[in-house]
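Here are the chains, one letter per residue:
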Amino acid sequence: MLTLASKLKRDDGGKTGRASGASDSTHRVSIRDRLLTKEVAELEAHLPSTCKASFPDEDKLHHFQLAVSPDEGYYQSGRFEFEINVPEAYNMVPPKVRCLTRIWHPNITETGEICLSLLREHSIDGTGWAPTRTLKDVVWGLNSLFTDLLNFDDPLNIDAAEHHLKDKVRNFYSLVSESNSLNISLSHIDSAAA
């Protein structure tokens, strides 16, 4: 699957055989891509059982999708799609993540924005992005948004959090179940609106 790894090896092996007039920039591989080659292999080896990563273009490890299917809690029957884009300045800046599935969640807006500390470039509490973090941390963090990191006290989607506080058991749970069964893709809505 990791065709970029093959490309990196091929490029490294061809450095000595390159003509002296050849441009170095046409054969350079970014630091991001080198890091991603290692991190994606590690991620695939340690992916939570409730997650599945897919790479639309195997040569572009910096753009992929993640499906999370929680096996416990409010969101147990749902399947939630995330789009992850890793910027060129990675690992100094965090990946950009967007939820593609419409969801009633206190930490994810209905437009797909996500509140997860490790995705913040600057975090007051010290749990934000750091160059020592990896894609594995991001995936495990997204997976945990449906279980132990579900936070009603510091919500991004205030309406969902208030709804939970007013009627936790029946009404909130039924709305979550309804949104789980609908499984509406925001990317489909965005393309229809365009």
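Rules of the game
Residues numbered from 1 in each chain as written. Predicted model: local features only at pLDDT ≥ 70, side-chain atom pairs only at ≥ 80, totals over all residues. Heavy atoms only, no water. Helix = DSSP H or I, 4+ residues; strand = E, 2+ residues; numbered from the N terminus. Contact = heavy atoms within 4.5 Å. Axes fitted to C-alpha atoms, helices over the stretch in contact; angles between N-to-C directions. Parallel < 35°, antiparallel > 145°, perpendicular 65-115°, else oblique. Nonpolar A, V, L, I, M, F, W, Y, C, P; charged D, E, K, R; others polar.

What to know about the environment of Thr134
Relative to the helices and strands, Thr134 resides in the loop between strand S4 (96–99) and helix H3 (135–144). A sequence separation of 99 residues divides Thr134 from Leu35, and the C-alpha atoms of the two residues are 9.1 Å apart. Leave out the neighbours within four places in its chain, and Thr134 touches Glu39, Tyr90 and Trp129.

Examining the packing of helix H2 (residues 31–45) against H3
With their axes 8 Å apart at the nearest point, H2 and H3 run at an angle of 40° to one another. Classed by the angle they form, the pair H2 and H3 counts as oblique. Residue-level contacts link Leu36, Glu39, Val40, Glu42 and Leu43 of H2 to Leu135, Lys136 and Val139 of H3. Partitioned by chemical class, the residues of the contact of H2 with H3 number five nonpolar, no polar and three charged.

Some points on the environment of Ser177
By secondary structure assignment, the location of Ser177 is in helix H5 (residues 168–182). Distance from Ser177 to Gly78, taken between C-alpha atoms, is 8.0 Å for residues 99 residues apart in sequence.

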